[in-house]
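# Examination of the molecular architecture
Spelled out from the first residue to the last, the chains are:
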Amino acid sequence: MIEAWIREFARLVIEEAPRLTELDSAIGDADHGSNLSRGLTAVVAALDSTTFDDDTALLKKVGMVLVSTVGGASGPLYGTFFLRAAGALAGGFPAAFRAGVDGVAARGKSTTGEKTMLDALVPAAEALESGKSWPEVLAAAEAGRDATIPLVARKGRASYLGERSVGHLDPGATSSTLLVAAAASTLPPDA
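Report on the accompanying structure. Every value quoted in this text rests on a predicted model; they were computed, and no experiment measured them.

### Details of the nonpolar core
By size, the foremost hydrophobic cluster in this structure holds 53 residues, and its most contacted members are W5, I6, L59, F82 and F97. Listed by contribution, the elements that provide at least two residues to this core are helix 1 (2-27), helix 2 (32-49), helix 3 (55-69), helix 4 (74-88), helix 5 (93-108), helix 6 (118-129), helix 7 (134-146) and helix 8 (171-186).

Listed below in structure tokens is the structure:
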């Protein structure tokens, strides 16, 4: 199931790469979609060519591939998400997802409300932990993503724009919502 989640995330990101790059061109350096697409293409290649003893090993591999192939902040942030999630997977998917989110927060020295991927990930983690259904978890991520539009960016390249970052959807929150959408369509309700 974890492999299906990762493969679906890769499919969604590759499909949405032009849109992610377009969003990033407004407030970043116009490479979010292309960078993530390249990294997730490498992840799929690694999944195709490697046999894993368990899902923990699979998630560790995903994290390492993303760190080594995705440029900018996205590689270390998504890589940290998967590496931390791998370490907590024994506690169940909600615990692993939360560990990943906490890793992103620590790595990015960020929190919600700063126009980052955490604006989508944190509400999703909270919904998962409270036993919400996948449609509710996805709705929480989507609401968090959409709430980035009026925010002033406080982290990353977008923060250089200050007030000019207002009115734009955050590309990281958008790609993070794809991560949740992939889980919602591949993982069982009680994951």
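### What about the side chain of K115?
Checked against the element boundaries, K115 lands in the loop between helix 5 and helix 6. Within the buried set, K115 has no salt-bridge partner at all; the shortest N-O distance to an opposite charge, 6.4 Å, is to D170. Of the polar contacts made by the side chain of K115, one reaches the backbone oxygen of H168; its length is 2.7 Å.

### Focus: the packing of helix 7 against helix 8
Packing of helix 7 against helix 8 brings their axes to within 9 Å, and their N-to-C directions diverge by 175°. As summarised for this structure, helix 7 and helix 8 are arranged roughly antiparallel, according to the angle between their axes. Contact with helix 7, carried on its side by W134, V137, L138, A141, E142 and R145, involves A173, T174, T177, V180, A181, A183 and A184 of helix 8 and no other residues of that element.

About the thresholds
Residues numbered from 1 in each chain as written. Predicted model: local features only at pLDDT ≥ 70, side-chain atom pairs only at ≥ 80, totals over all residues. Heavy atoms only, no water. Core = buried A, V, L, I, M, F, W, Y, C linked by side-chain atoms within 4.5 Å. Buried < 20%, exposed > 50% of the residue type's maximum accessible area, 1.4 Å probe, protein only. Helix = DSSP H or I, 4+ residues; strand = E, 2+ residues; numbered from the N terminus. Lys, Arg positive; Asp, Glu negative; His and termini not counted. Salt bridge = Lys/Arg side-chain N within 4 Å of Asp/Glu carboxyl O. Polar contact = N/O pair within 3.5 Å; in protein donor to acceptor, adjacent residues only side chain to side chain. Axes fitted to C-alpha atoms, helices over the stretch in contact; angles between N-to-C directions. Parallel < 35°, antiparallel > 145°, perpendicular 65-115°, else oblique. Contact = heavy atoms within 4.5 Å.

Honestly, that's just the spatial picture; any functional story needs more than this.
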